[in-house]
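Residue-level structural notes
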Amino acid sequence: MKLQRDIPLLSCNTLAVPASAQFFVSVDQEKGLRDAVQYSQRHSIPRLILGGGSNIVLSKDFPGLVVRLSMKGIDILEQTSDNITVAVAAGENWDELVQYSLANGWFGLENLSAIPGNVGAAPIQNIGAYGVEIGTVLKGVHGLDIESMSMRYLAAHDCELGYRNSIFKGALKDRFVITRVELELSMHDAPVLTYPALIEALGEQKPSAQNVAAAVRALRGQRLPDPKRVPNVGSFFKNPVVSDDAYTALKQKYPEMPSWNVPEGYKLAAGWLLENAGWRGYEGQAELAGVGTYAHQALVMVNPGHRPGAIVMKLADKIAASVKATFGVSLEIEPRVY
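Residues numbered from 1 in each chain as written. Predicted model: local features only at pLDDT ≥ 70, side-chain atom pairs only at ≥ 80, totals over all residues. Heavy atoms only, no water.

The subject of this paragraph is the nonpolar core. Counting residues in hydrophobic clusters, the biggest one holds 46 residues, and the most contacted among them are F236, F237 and L274. Top contributing element to this core by residue count: helix α8 (residues 309-327), with nine residues. With residues near it in sequence (within four places) discarded, L274 still touches F237, W279, R280, A298, L299, I319, V323 and L331. (Core = buried A, V, L, I, M, F, W, Y, C linked by side-chain atoms within 4.5 Å. Buried < 20%, exposed > 50% of the residue type's maximum accessible area, 1.4 Å probe, protein only. Helix = DSSP H or I, 4+ residues; strand = E, 2+ residues; numbered from the N terminus. Contact = heavy atoms within 4.5 Å.)

Right under this line is the structure:
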């Protein structure tokens, strides 16, 4: 295990927060992961498992061991005339996997094009876009159970996937480290076309997987900045769910407010709430200088000044308080905060 000390993490998180790790190790095999976890246990130091860094806010320097998952590899496990099951290592880039699958005639991921981050984080966040979630193709995950220090397999139904949620954010949070993800993809080009904006973007084009992927990339490019150019972690707040009574009161006051009926009540568009609270294109001043919100999407917080995570969180708190005061709706942060 090649352990490093006092390593800058700015290049390891897409928000470009200039935090550092007391100890750092990159692991490309399951044995290396086990060794790193056991090292942190022996020395009683905090541990942070890091993938692509696209869904994390480092609020301060990390006083322990940062373990970066660098496993690579895509293996075919089973193939029929209709489906193919592949095992993808956690360190593979998600969007590169989408492009690779399309190039090989494997379908089902096209709606999830251009999502930043690595494969290992996809089930944790239950990534989704334009009418598709990873749960539609997830067969299961392999990983290290830290409590028993053994490798385990969890089938998709055991992952307890929900809206931007999973068992890895709940009962298995900080206990299970995903090392491989199994996906069952289709050999037939039959993309999901249920999202109105995607249908509109396709226009008269043939609804093929390649065209859907291109349309999704164009749509995402219009509303989400490339983290390589403008540091961000995508949507900073989850779409909130409110009770029937709260929804009725809001809808009477704001009839144009977008919403979706869900089992728990009504889901509201966080982006609309932020937009109508005046946060789109905000540029921080004074202590908030260098952070802000994207000019084309209020839901995306940006950090062009490479400010510390504590400053990012001050802006997040200010935005959440503003939305609460304006609409009476509480917002929940989507990325993990350390």
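Text resumes after the structure shown.
What follows covers the packing of helix α2 (residues 94-103) against helix α5 (residues 209-223). Contact pair α2 / α5: the axes reach a minimum separation of 10 Å and the direction vectors enclose 155°. Relative to α5, the element α2 is oriented roughly antiparallel. Crossing handedness for the pair α2 and α5: left-handed. In contact with D95, Q99 and L102 of α2, α5 contributes A209, Q210, A213 and R217. Partitioned by chemical class, the residues of the contact of α2 with α5 number three nonpolar, two polar and two charged. (Axes fitted to C-alpha atoms, helices over the stretch in contact; angles between N-to-C directions. Parallel < 35°, antiparallel > 145°, perpendicular 65-115°, else oblique. Left-handed = near helix turned anticlockwise from the far one by under 90°. Nonpolar A, V, L, I, M, F, W, Y, C, P; charged D, E, K, R; others polar.)

Buried residues of α2: W94, D95, L97, V98, S101 and L102, and no others. The arc enclosing the buried residues of α2, seen along the axis, measures out at 155°, which places them on a common side. Buried residues in α2 make contact with β6 (74-79), β7 (83-89), α3 (122-125), β12 (176-186) and α5. N-cap assignment for α2: the residue whose side-chain oxygen lies 3.1 Å from the backbone N of D95 is N93. G105, located one to two residues past α2, shows a positive phi value of around 75°. (Arc of directions from axis to C-beta. Polar contact = N/O pair within 3.5 Å; in protein donor to acceptor, adjacent residues only side chain to side chain.)

With that out of the way, let us pick up the sheet that holds strand β18 (residues 297-302). In space, the three strands of this open sheet follow the order β13-β18-β17, with antiparallel pairing throughout. The sheet is open, and its two borders are formed by β13 (232-235) and β17 (292-294), each paired with just one other strand. Between one strand axis and the next, the sheet turns through 35° on average, direction left out of account. Relative to β18, β13 runs antiparallel, the two being bridged by two bridges. The partner of S235 across the bridge, within β18, is V300. Strands β17 and β18 of the sheet are contacted by α8, whose axis makes an angle of about 160° with β18. (Pairing = 2+ DSSP bridges.)

Inspection of every chain in the model, using the stated rule, returns nine salt bridges. Between D145 and R152 there is a salt bridge, with the nearest N and O atoms lying 2.7 Å from each other. A relative accessible area of 2% means that D145 is categorised as buried. On the basis of relative accessible area, R152 is assigned to the partly exposed category, the value being 30%. Measuring nitrogen to oxygen at the nearest pair gives 2.9 Å for the salt bridge that ties R175 to D145. With R175 in the loop between β11 (150-155) and β12 and D145 in strand β10 (residues 138-145), this pair connects stretches of sequence that are 30 residues apart. One continuous salt-bridge network, built from bridges that share partners, spans D145, E147, R152 and R175. (Salt bridge = Lys/Arg side-chain N within 4 Å of Asp/Glu carboxyl O.)

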